[in-house]
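Remarks on the overall topology
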Amino acid sequence: MSDWPQPPAPDLHPASYVTLAGADWLASASPHPRRVHHLWATHPTEPSVLPCGTVFDVINAPALFGRRVADCLWAAGPGSGPVAMHRGRLLLFAARGTAQRLPSLLSWEEWGRAVPPLLCHGAGDAVSIPPLHPGPATPDAPLPPSRWLVAPDVRNPWLPGPDVLLWACVRAARTAPAESPAAPDAVRAAPSGAAARP
């Protein structure tokens, strides 16, 4: 695409920005991928909203617990799909159907009550995603509040399913510092049609 934004400065970590192939994958979640590409080409440093349930689901976790889950996926597991930070919460991109199955799997798991509140976004939901390229860092904000930790960089990234995320959530809960147990309904699917605020 000729109107694609210039690549970020070379001092950025390579996982902090989305490649062209990764942008194609993200845009394919929209019923209007060309409009999404145009939006990104004209506003590359702005967050955007994409629907869930057709290309990916998103597991939305509190930042500290989500980071432990991501660390478990990378340290002793298969790695993760794209992972983003948005407004103090971690967004783990997962295989379609994960949002529907993960809450019930956790409800059966002994350690499920130790998992803090998760929002599981699937079919009918939408999430805010970070900009494709972060804006320039400033002394007041060295890290943008909305950013990619593991950016999509291929056209068909591997996405963890409900079984893989169950294992990672349980391991993260078991290795967490002593905290009060979560409420029984802490893990729940997002209400149908719910959209994360940009």
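Scroll up to find the structure this text is about.
Overview of the structure. Every value quoted in this text rests on a predicted model; they were computed, and no experiment measured them.

Okay, the overall build of the protein next. When its secondary structure is counted, the protein shows 5 helices and 8 strands. Beginning at the N terminus, the succession of helices and strands in the protein can be written as α-α-β-β-α-β-β-α-β-β-β-α-β. Looking at the protein as a whole, 44% of its 198 residues are labelled buried. The long-range fraction of contacts in the protein, counting pairs at least 24 apart against all pairs at least 6 apart in sequence, stands at 83%. Surface summary for the protein: the accessible area is close to 10300 Å², and the carbon and sulfur share equals 58%.

All right, on to the side chain of Ser146 then. Within the secondary structure, Ser146 sits in strand 7 (residues 146-150). Among the polar contacts made by the side chain of Ser146, one reaches the side chain of His86 at a distance of 2.9 Å. Sequence-distant contacts of Ser146, that is, excluding residues within four places in its chain, are made with Pro47, Met85, His86, Ile129, Pro130 and Pro131.

Before going further, it helps to examine helix 5 (residues 162-174). Helix length check: helix 5, at 13 residues, gives a terminal C-alpha distance of 18 Å against a target of 18 Å (1.5 Å per residue), a fit within 8%. Along helix 5, the positions that sit buried rather than exposed are Pro162, Leu165, Leu166, Ala168, Cys169, Val170, Ala172 and Ala173. As for helix 5, its buried residues are in contact with strand 2 (57-62), helix 3 (63-75), strand 4 (89-94), helix 4 (98-108) and strand 5 (118-121).

This next bit is on the nonpolar core. One finds Ile59, Phe65, Val69, Leu92, Leu102 and Leu118 to be the most contacted residues of the largest nonpolar core, which totals 25 residues. Mapped onto this core, the elements with two or more residues apiece are strand 2, helix 3, strand 3 (83-86), strand 4, helix 4, strand 5 and helix 5. For this core, the element with the highest residue contribution is helix 5, accounting for 7 residues. The contacts of Phe65, once residues within four sequence positions are left out, are Val115, Pro116, Leu118, Cys169, Ala172 and Ala173. Within the second largest apolar cluster, 21 residues are counted, among which are Leu50, Val58, Ala84 and Leu91.

Definitions and cut-offs
- Residues numbered from 1 in each chain as written.
- Predicted model: local features only at pLDDT ≥ 70, side-chain atom pairs only at ≥ 80, totals over all residues.
- Heavy atoms only, no water.
- Helix = DSSP H or I, 4+ residues; strand = E, 2+ residues; numbered from the N terminus.
- Buried < 20%, exposed > 50% of the residue type's maximum accessible area, 1.4 Å probe, protein only.
- Contact = heavy atoms within 4.5 Å.
- Areas by Shrake-Rupley, 256 points an atom, 1.4 Å probe, with all protein chains shown as cover.
- Polar contact = N/O pair within 3.5 Å; in protein donor to acceptor, adjacent residues only side chain to side chain.
- Expected span 1.5 Å × (residues − 1).
- Core = buried A, V, L, I, M, F, W, Y, C linked by side-chain atoms within 4.5 Å.

Fair warning: the whole summary comes from geometry, so function is off the table for now.
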